[in-house]
Amino acid sequence: MIQLLTPTHWKDYELIDCGDFEKLERFGNTILIRPEPQAVWNKTLPASEWQRLHHIRFKGRSATTGEWLKKDQKTPDRWHIEYKNKEAAIKFRLGLTSFKHVGIFPEQAVNWDYISQNVKRFKTPEPKVLNLFAYTGGASLIARAAGADTTHVDSIKQVVTWANENQEISGLKDIRWVVEDALKFVKRELKRGKKYNGIILDPPAYGNGPNGEKWKLEDNITEMMRDVTQLLDPEEHFLILNTYSLGFSSVIVENLIKSSFPQVQNLEIGELYLQATAGSKLPLGVFGKFHKIKSN
């Protein structure tokens, strides 16, 4: 059964509307208009309402960069928001970057709930969690807040620094920060005989490691999955694979997991989306996840 999942209880985030290759979103008290290549349908709300509601709009200059246009120059470039579920609460420092991102992917809140629920259910004291392609650390923060011994791996030093800021404002400490190519790190951990109770992968379609290593999702994901499943503690574990690539379906993710980890239990696959208040569903990637809890 293919699931469709969306965050349902995040007070500090709202997708207001989307369409015509744009999205209108509220982060805390700040409302942004940003490009959205998936939103190929028409907007629900009239242009006048978008204009009235937004504080800042991103205007692209090229395929990868652009500028932010503020209605009021007093609107800050940086601000904080909170995410809270039954198990934990975390905070994020958001900011206006030159490549349209603000430091968070809101649909991932669905995966954060899965992480904190499993960490809390595990019989293993202070379970070890590994977050790969970890960006500004939402999954790392929620794992640590739920009580996990957490390792955060990303190839870009600036976003690891950003993730560390998020740790500080969340009132957390002792996340292990690693600036390295994810596949190299995994292979080194295998040689060391390390095991993890939880592994999160959110790989990009394309990327580069700190030393010029090339990552291409369809070329490298099979090797990565084969290696990370060997890092899983056989007695108690969870794994999340999330991909945002237009060519990937949840059935591909299901096949990847089953071929890499034939003993998989409690496998779930599906699609993440954001539900706009105005009515549309915005698809934002596919996932596969599974867990195993000790019986005694």
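Residues numbered from 1 in each chain as written. Predicted model: local features only at pLDDT ≥ 70, side-chain atom pairs only at ≥ 80, totals over all residues. Heavy atoms only, no water.

### Describing the overall build of the protein chain
Reasoning step 1: Scanning the protein chain from N- to C-terminus turns up seven helices and 17 strands.
Reasoning step 2: In terms of overall size, the protein chain behaves like a compact globule, its C-alpha atoms giving a radius of gyration of 19 Å where 296 residues would be expected to give roughly 19 Å.
Reasoning step 3: Dimensions of the protein chain, computed from the C-alpha atoms along their principal axes, are close to 55 × 40 × 40 Å.
Reasoning step 4: Within the protein chain, buried positions represent 52% of all 296 residues.
Reasoning step 5: Across the protein chain, every contact between residues at least 6 apart in sequence was considered, and the portion connecting residues at least 24 apart equals 63%.
Reasoning step 6: When the accessible surface of the protein chain is summed, it comes to about 13700 Å², and 50% of that surface belongs to carbon and sulfur atoms.
Reasoning step 7: For the protein chain, the distance from the average position of its 41 positive side-chain charges to the average position of its 36 negative side-chain charges is 2 Å. (Helix = DSSP H or I, 4+ residues; strand = E, 2+ residues; numbered from the N terminus. Rg over C-alpha atoms; globule rule 2.2 N^0.38 Å. Buried < 20%, exposed > 50% of the residue type's maximum accessible area, 1.4 Å probe, protein only. Contact = heavy atoms within 4.5 Å. Areas by Shrake-Rupley, 256 points an atom, 1.4 Å probe, with all protein chains shown as cover. Lys, Arg positive; Asp, Glu negative; His and termini not counted. Charge placed at Lys NZ, Arg CZ, Asp CG, Glu CD.)

### Description of the packing of aromatic side chains
Reasoning step 1: Throughout the structure, instances matching the rule amount to 11 aromatic pairs.
Reasoning step 2: For the ring pair Trp10 and Tyr13, a centre distance of 5.8 Å and an interplane angle of 45° mean the geometry is tilted.
Reasoning step 3: Of the residues examined, Trp10 reaches a relative accessible area of 9% and is grouped as buried.
Reasoning step 4: Judged by relative accessible area, which is 8%, Tyr13 ranks as buried.
Reasoning step 5: Both rings, one in Phe122 and one in Phe238, keep their centres 6.1 Å apart while their planes meet at 25°; by these two values the pair is stacked. Remark: Phe238 occurs in strand 15 (residues 237-243) and Phe122 occurs in the loop between helix 2 (109-121) and strand 9 (128-132); sequence separation between them is 116 residues.
Reasoning step 6: Joined through ring pairs, the aromatic side chains of Trp10, Tyr13, Phe27, Tyr83, Phe92 and Trp112 make up one cluster.
Reasoning step 7: When the ring centre of Phe287 is taken as reference, the NZ or CZ atom of Lys289 above it lies at 5.0 Å. (Phe/Tyr/Trp six-rings, centres within 6.5 Å; stacked < 30°, edge-to-face > 60°. Lys NZ or Arg CZ within 6 Å of the ring centre and 35° of its normal.)

### Digging into the UniProt feature "domain: S-adenosylmethionine-dependent methyltransferase" (unreviewed entry) in the protein chain
Reasoning step 1: Using the residue numbers shown here, the UniProt feature "domain: S-adenosylmethionine-dependent methyltransferase" (unreviewed entry) corresponds to residues 55-242.
Reasoning step 2: From the first C-alpha to the last, residues 55-242 spans 31 Å; its make-up is 31% helix and 29% strand. (UniProt positions renumbered as here; feature names shortened; annotations may be inferred.)

### With respect to the pairing of strand 6 (residues 66-70)
Reasoning step 1: Note: strand 5 (residues 56-60) against strand 6, five bridges, orientation antiparallel. Note on strand 6: the bridge partner recorded for Gly60 is Gly66.
Reasoning step 2: Once strand 5 ends, the chain turns through five residues before running back antiparallel as strand 6. (Pairing = 2+ DSSP bridges.)

### Here we look at the pattern of salt bridges
Reasoning step 1: Considering all chains together, one arrives at 19 salt bridges under this definition.
Reasoning step 2: Its salt-bridge partner being Lys43, residue Glu22 comes within 2.8 Å of it at the nearest N-O pair. Separated by 21 residues along the polypeptide, Glu22 in strand 3 (residues 22-27) and Lys43 in the loop between strand 4 (30-35) and helix 1 (47-53) bring together distant segments of the chain.
Reasoning step 3: Among the salt bridges present, the one from Lys84 reaches Glu82, with a minimum N-O distance of 4.0 Å.
Reasoning step 4: When its relative accessible area of 48% is taken as the criterion, Lys84 is described as partly exposed.
Reasoning step 5: Among the residues examined, Glu82 registers a relative accessible area of 29% and is labelled partly exposed.
Reasoning step 6: When salt bridges that share partners are traced, they join Lys187, Glu223, Arg226 and Asp227 into one network. (Salt bridge = Lys/Arg side-chain N within 4 Å of Asp/Glu carboxyl O.)

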